[in-house]
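An overview of the molecular structure
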Amino acid sequence: QVHAIEKGVDVLIATPGRLLDLATQHAVRFDDVMHLVLDEADRMLDMGFIRDIRKIVAMLPKERQTILTSATMAPEITRLAHDILKDPVRVEVSPQGQTVDAIEQRVHFVDAGAKRALLASLLQDTALSRVIVFTRTKHGADRVVRDLEGDGFTAEALHADKTQAQREQALAKFKEGRVKILVATDIAQRGLDISGISHVVNYDVPQQAEDYVHRIGRTGRAAKEGDAFTFMCA
């Protein structure tokens, strides 16, 4: 990476921690930076990167264009925007916390021990052609995959304990239709743009309302209709 940067680049795409590491090693210079884009600032807040971002911003030229994108505007993100943006124009693509009208939302009240059987029953319907199942934990995702395979379905897990190669392989199988069920933690709720997802299943109820919106937003895309099921325990 250092060798590539030494040759000079027009665009540098980096995670905050790695960029700060290279900067402190004097392997990268910011003298000529004209544009700074902070993508998914809310996720960087969730992952504890805001302090690193502030350190990086302090190294940049004062004269620059700054673009900040965020799915939600938590107080910390609002403060960050106030500190690093100058007379910003706010562009809001869609109202916060609202779901897409094209998604049919349903809730199933079910005992925790009966969720496996309910999921297997729903998946018998051929209309569920390409499905993302969301779980709260990585271990939960692996367990659901094992349960599905035990019930005769093919499924792949997607979570932070998987290597990049394993994630890419799982996504490739899902996109190509070799596997019709992807079981994921919230690592997959944003950034995944896979066409033709027919259904989203919240096997575990998400912790935040915004997470619910992003999860079910994997379906009902590109003017198509979609369905979302949520399993609700006592």
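Report on the accompanying structure.

Cut-off values and rules
Residues numbered from 1 in each chain as written. Predicted model: local features only at pLDDT ≥ 70, side-chain atom pairs only at ≥ 80, totals over all residues. Heavy atoms only, no water. 1 Å grid on protein atoms, 1.4 Å probe; cavity = no way out; pocket = protein on both sides within 12 Å on 5 of 7 lines; lining within 4 Å. Points joined across faces, edges and corners; volume = space filled by probe spheres on them. Helix = DSSP H or I, 4+ residues; strand = E, 2+ residues; numbered from the N terminus. Nonpolar A, V, L, I, M, F, W, Y, C, P; charged D, E, K, R; others polar. Pairing = 2+ DSSP bridges. Axes fitted to C-alpha atoms, helices over the stretch in contact; angles between N-to-C directions. Contact = heavy atoms within 4.5 Å. Buried < 20%, exposed > 50% of the residue type's maximum accessible area, 1.4 Å probe, protein only. Core = buried A, V, L, I, M, F, W, Y, C linked by side-chain atoms within 4.5 Å. Arc of directions from axis to C-beta.

Structural notes on empty space enclosed by the protein
Where empty space is left can be seen by rolling a probe of water-molecule size over the atoms. All chains considered together, the criterion is met by one cavity of 30 Å³ or more. Looking at the largest cavity, its volume works out to about 40 Å³. Looking at the lining of the largest cavity, the elements with two or more residues in it are α6 (115-123) and α7 (138-150). In terms of residue count, the dominant contributor to the lining of the largest cavity is α7 (three residues). Partitioning the lining of the largest cavity into residue classes produces four nonpolar, no polar and three charged.

Overview of the sheet that holds strand β6 (residues 181-184)
The strands that make up a sheet pair up through hydrogen bonds in the backbone, lying either parallel or antiparallel. Taken together, the six strands give an open sheet; going across it, the order is β3-β8-β7-β4-β6-β5, and neighbouring strands pair in parallel fashion. Both outer strands of the open sheet, β3 (103-109) and β5 (155-158), are each paired with one neighbouring strand and no more. Put simply, the sheet's adjacent strands are angled 20° from each other on average, direction ignored. Both β3 and strand β8 (residues 226-232) contribute to a ladder of seven bridges, which runs parallel. By the bridge assignment for β8, Phe-109 is matched with Met-232. Strands in contact with α6 are β3, β4 (131-134), β6, β7 (199-202) and β8; relative to β8, the strand with the most contacts, it is inclined by about 160°. Packed onto the sheet, helix α9 (residues 209-216) meets β3, β4, β7 and β8 and runs at close to 150° relative to β7.

Regarding the pairing of β4
Here β4 shows two buried faces, one formed by Val-131 and Val-133 and the other by Ile-132 and Phe-134. Inspection of the sheet shows β4 paired to β6 by four bridges, in the parallel sense. Bridging across to β6, Val-131 finds its partner in Ile-181. Looking at chain direction, β4 and β7 are connected through four bridges and run parallel. Counted as the bridge partner of Phe-134 is Asn-202 from β7.

Section: the nonpolar core
Core analysis: the biggest nonpolar cluster contains 23 residues, and Val-28, Phe-30, Leu-38, Ile-53, Leu-68, Leu-80 and Ile-84 have the highest contact counts within it. Where this core is concerned, the elements lending two or more residues are α2 (16-24), β1 (35-38), α3 (41-46), α4 (50-59) and α5 (75-84). Residues within four places of Ile-53 in sequence aside, it is in contact with Pro-16, Leu-38 and Met-44.

Points about α4
Burial in α4 covers these residues: Ile-50, Asp-52, Ile-53, Ile-56 and Val-57. The arc that holds the buried residues of α4, viewed along the axis, is 155°, so those residues lie on one side. In α4, the exposed residues that point more than 90 degrees away from the buried face are Arg-51 and Ala-58.

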